[in-house]
Amino acid sequence: MNINKLKQDLNDLSELRPPKPPTGLWAQRNPDCSLPLAIVSAGSSYTRIWTHQTWSEHSYPPHVRYVRHLKRWHVSTTARKILPSVAFACAWSILLSSFAKIFYWSENPILPLKVAKKAAEWSAPTFSFLSAPLALLLTLRANASMARLLEARGAWGRLVLGTRTLSSVLKTYLYPVHPNGAVLSVRYLTLLGWLLKAQLRGEDEDSQQQVARLMLGEPQYNEEYEWLMGQPKRTVALTSRIRNICAVALASSIASSANHTDNPLDHTATQLLIDERIRELESCVGICERLFGSTIPPTYSRHLSRVMSLWILLLPVSLISSGVSTVAGVACATTVAAYVFIGLDEVGMEIENVFQIMPMQQLAAAAQKDAGDQFVSEMPTLTK
């Protein structure tokens, strides 16, 4: 009875939180209520788990890839976000080059403009040297952001594996001696991914209550539900409660066997195995909390932003003093350079906040499904 009700509740949870994002115009029907749609690309995206079809589409020959990316340029989320800054850089270059066309490139400039012209010509070689340090700053920033993303993705991968393994351990060792404790532990375990996602994405209370009420909504679990919802850090409380349930269930089994036999059962090895698996889950939760609570030092980001602003503002001056004598030439060169460098900066910013771009809906659903499948599946009887 407990297993059948657990199966039904898991199916209901899968319907409430579907793992697979719709295709096509899926932004309006996206099941992930906390996914920031402004950064989700229309094509291949890191915000979903990839399949064979995704890899096949992503691995087209270079000429096909380039043409496809150019055709989708107008719907690029990165381009849309950096467009105001690039437009400002273009307008600024047009303003300066128009001013230079009237005064700077005239045959007989007045004395102050002569001095400004000489200063610009002398500073042009020095300014060109700034491009390499700026590119290095952007590269280091992108590498640090990528390291954060890979660590977070690895932690969630281990969490999915950990829930699967712990569920199998509970079914194998705890369920035969204490079915109710094992079922309750798995109910908590299937909530771990969803509550961690809600914590990292800042989902509202109703979203968390819907999931918890579905798995702990039965009358016999009312006290469990109220206790969990009253905890300040629910993911930590959840793993602690699983450890407590397992310890009490195994102790009860030992006491029961001691009353009926002279050789009571020894569940020490089982307790150690379960505790080891729970510590792995707690480690994954801790890594995610650390990544969410810390970032690349803001001093680095502020300095990079100021250097970037100075470089973009002075780039038209350098181009003019280097011999670019048309307004269109200065504007085009400045616009392309601004797009490249501002785009790199924005990509680093997006990746730095790792949990907004990870496929957490699918990962949480995978943790729930694996835990449920490992527990509710009935294996064939082993014959002697």
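Residues numbered from 1 in each chain as written. Predicted model: local features only at pLDDT ≥ 70, side-chain atom pairs only at ≥ 80, totals over all residues. Heavy atoms only, no water.

Undergrad: Would you mind going over the overall build of the protein chain with me for this structure?
TA: Assigned secondary structure in the protein chain consists of 14 helices and zero strands. Mapped in sequence order, the helices and strands of the protein chain form the string α-α-α-α-α-α-α-α-α-α-α-α-α-α. Here the protein chain holds 384 residues, and the buried ones make up 40% of them. A fraction of 80% describes how many contacts in the protein chain between residues 6 or more apart in sequence connect residues 24 or more apart. Summed over all atoms, the accessible surface of the protein chain reaches about 20,900 Å², with 62% contributed by carbon and sulfur. (Helix = DSSP H or I, 4+ residues; strand = E, 2+ residues; numbered from the N terminus. Buried < 20%, exposed > 50% of the residue type's maximum accessible area, 1.4 Å probe, protein only. Contact = heavy atoms within 4.5 Å. Areas by Shrake-Rupley, 256 points an atom, 1.4 Å probe, with all protein chains shown as cover.)

Undergrad: What should I look at first to understand the packing of aromatic side chains in this one?
TA: Two numbers describe a pair of aromatic rings. These are the distance of the centres and the angle of the planes. Scanning the model with the defined rule gives four aromatic pairs in all. Where Trp50 meets Trp55, the ring centres are 4.8 Å apart and the plane angle is 65°; that geometry is what we call edge-to-face. Over the ring of Tyr175 we find Lys171, and its NZ or CZ is 5.8 Å from the ring centre. Stacked on the ring of Phe375, the Lys or Arg Lys171 has its end atom at 5.6 Å from the ring centre. (Phe/Tyr/Trp six-rings, centres within 6.5 Å; stacked < 30°, edge-to-face > 60°. Lys NZ or Arg CZ within 6 Å of the ring centre and 35° of its normal.)

Undergrad: Before we go on, may I ask you to explain the pattern of salt bridges in this structure?
TA: Oppositely charged side chains can pair when the atoms bearing their charge come close. The final tally for this structure, using the stated rule, is 20 salt bridges. We note a salt bridge from Glu378 to Lys171, for which the minimum N-O separation is 3.8 Å. With Glu378 in the segment after α14 (360–376) and Lys171 in helix α6 (residues 131–174), this pair connects stretches of sequence that are 207 residues apart. Between Arg277 and Glu276 there is a salt bridge; the shortest N-O distance is 3.6 Å. By relative accessible area, which is 35% here, Glu276 ends up partly exposed. (Salt bridge = Lys/Arg side-chain N within 4 Å of Asp/Glu carboxyl O.)

Undergrad: So what exactly am I meant to see when it comes to the side chain of Lys171 here?
TA: Classification of Lys171 by relative accessible area gives buried; the value is 14%. A polar contact is formed between the side chain of Lys171 and the backbone oxygen of Ser377, at a distance of 3.2 Å. Each residue touching Lys171, except ones within four places of it in the same chain, is listed here: Pro176, Gln374, Phe375, Val376, Ser377 and Glu378. (Polar contact = N/O pair within 3.5 Å; in protein donor to acceptor, adjacent residues only side chain to side chain.)

Undergrad: How should a nonpolar patch on the surface be read in this particular structure?
TA: Side chains of Leu70, Trp73, Val336, Tyr339, Val340 and Leu344 sit close together on the surface and give an oily, nonpolar patch of about 570 Å² of accessible area. At four residues, the largest contribution of residues to the nonpolar patch is made by helix α13 (residues 327–352). Judged by its relative accessible area of 41%, Val340 is partly exposed. (Patch = residues over 30% accessible without salt bridge, like charges linked within 9 Å, V, L, I, M, F, W, Y side chains within 5 Å.)

Undergrad: Looking at this model, I keep getting lost on the packing of helix α12 (residues 298–321) against α13. Mind explaining?
TA: Think of two packed helices as two axes; the pair is described by the angle between the axes and how far apart they sit. At their nearest, the axes of α12 and α13 sit 9 Å apart, and the two run at 165° to each other. Regarding the angle of α12 to α13, the classification is roughly antiparallel. The way α12 lies across α13 gives a crossing that is right-handed. Residues Leu304, Met308, Trp311, Ile312, Leu315, Pro316, Leu319 and Ile320 of α12 lie in contact with α13, whose contacting residues are Val330, Ala333, Thr334, Ala337, Ala338, Phe341, Ile342 and Asp345. (Axes fitted to C-alpha atoms, helices over the stretch in contact; angles between N-to-C directions. Parallel < 35°, antiparallel > 145°, perpendicular 65-115°, else oblique. Left-handed = near helix turned anticlockwise from the far one by under 90°.)

Undergrad: Got a minute to help me understand the packing of helix α1 (residues 2–16) against α14 in this structure?
TA: Running from N to C, α1 and α14 cross one another at 160°; their axes reach a closest spacing of 11 Å. With respect to each other, α1 and α14 are oriented roughly antiparallel. The handedness of the crossing between α1 and α14 is left-handed. Residues Ile3, Leu6, Lys7, Leu10, Leu13 and Ser14 of α1 form the contact with α14, whose participating residues are Gln368, Gly372, Phe375 and Val376. Of the residues belonging to the contact of α1 with α14, the class tally is six nonpolar, three polar and one charged. (Nonpolar A, V, L, I, M, F, W, Y, C, P; charged D, E, K, R; others polar.)

Undergrad: Can you help me understand the nonpolar core in this one?
TA: Here is a general trend for soluble globular proteins: nonpolar side chains tend to be buried in one another's company. In this structure, Trp156, Leu159 and Phe355 are the most contacted members of the largest nonpolar core, which totals 61 residues. Broken down by secondary-structure element, the contributors of at least two residues to this core are α1, α6, α7 (179–201), α8 (205–216), α9 (222–229), α10 (234–260), α11 (268–293) and α14. Here this core takes 12 residues from α7, the largest share from any one element. The contact partners of Leu159, leaving out residues within four places of it in the chain, are Leu192, Gly193, Leu196, Leu281, Cys284, Val285 and Ala367. (Core = buried A, V, L, I, M, F, W, Y, C linked by side-chain atoms within 4.5 Å.)

Undergrad: Could you clarify how one ought to interpret the side chain of Asp345 in this entry?
TA: Of note, Asp345 is situated in helix α13. The class of Asp345 is buried, set by a relative accessible area of 17%. If sequence neighbours within four positions are ignored, Asp345 has contacts with Leu138, Arg141, Leu304 and Met308.

Undergrad: Any chance you could explain α14 here in plain terms?
TA: An α-helical turn contains 3.6 residues, so a residue and the one three or four places further along point in the same direction. Here α14 spans 24 Å end to end across 17 residues, near enough to the 24 Å set by a 1.5 Å rise per residue. Where burial is concerned, most of α14 is hidden: 13 out of the 17 residues are buried. (Expected span 1.5 Å × (residues − 1).)

Undergrad: Help me out: how do you make sense of the confidence of the model for the protein chain in this one?
TA: Low-pLDDT portions of the prediction should not be read for the details of their coordinates. The predicted model of the protein chain averages 84 in pLDDT, with 84% of residues at 70 or higher. Within the protein chain, helix α5 (residues 111–128) has the poorest average pLDDT of any element, 55, and α7 the best, 94. This model gives residues 22–28 a pLDDT under 50, and the stretch forms nine contacts once residues within four places in sequence are excluded. (pLDDT = per-residue confidence, 0-100.)

Undergrad: Is there a simple way to explain the environment of Asp12 in this structure?
TA: Looking at the secondary structure, you find Asp12 in helix α1. Taking relative accessible area as the criterion, Asp12 reaches 26% and is therefore assigned partly exposed. Along the chain, Asp12 and Val211 lie 199 residues apart, while their C-alpha atoms are 9.8 Å from each other.

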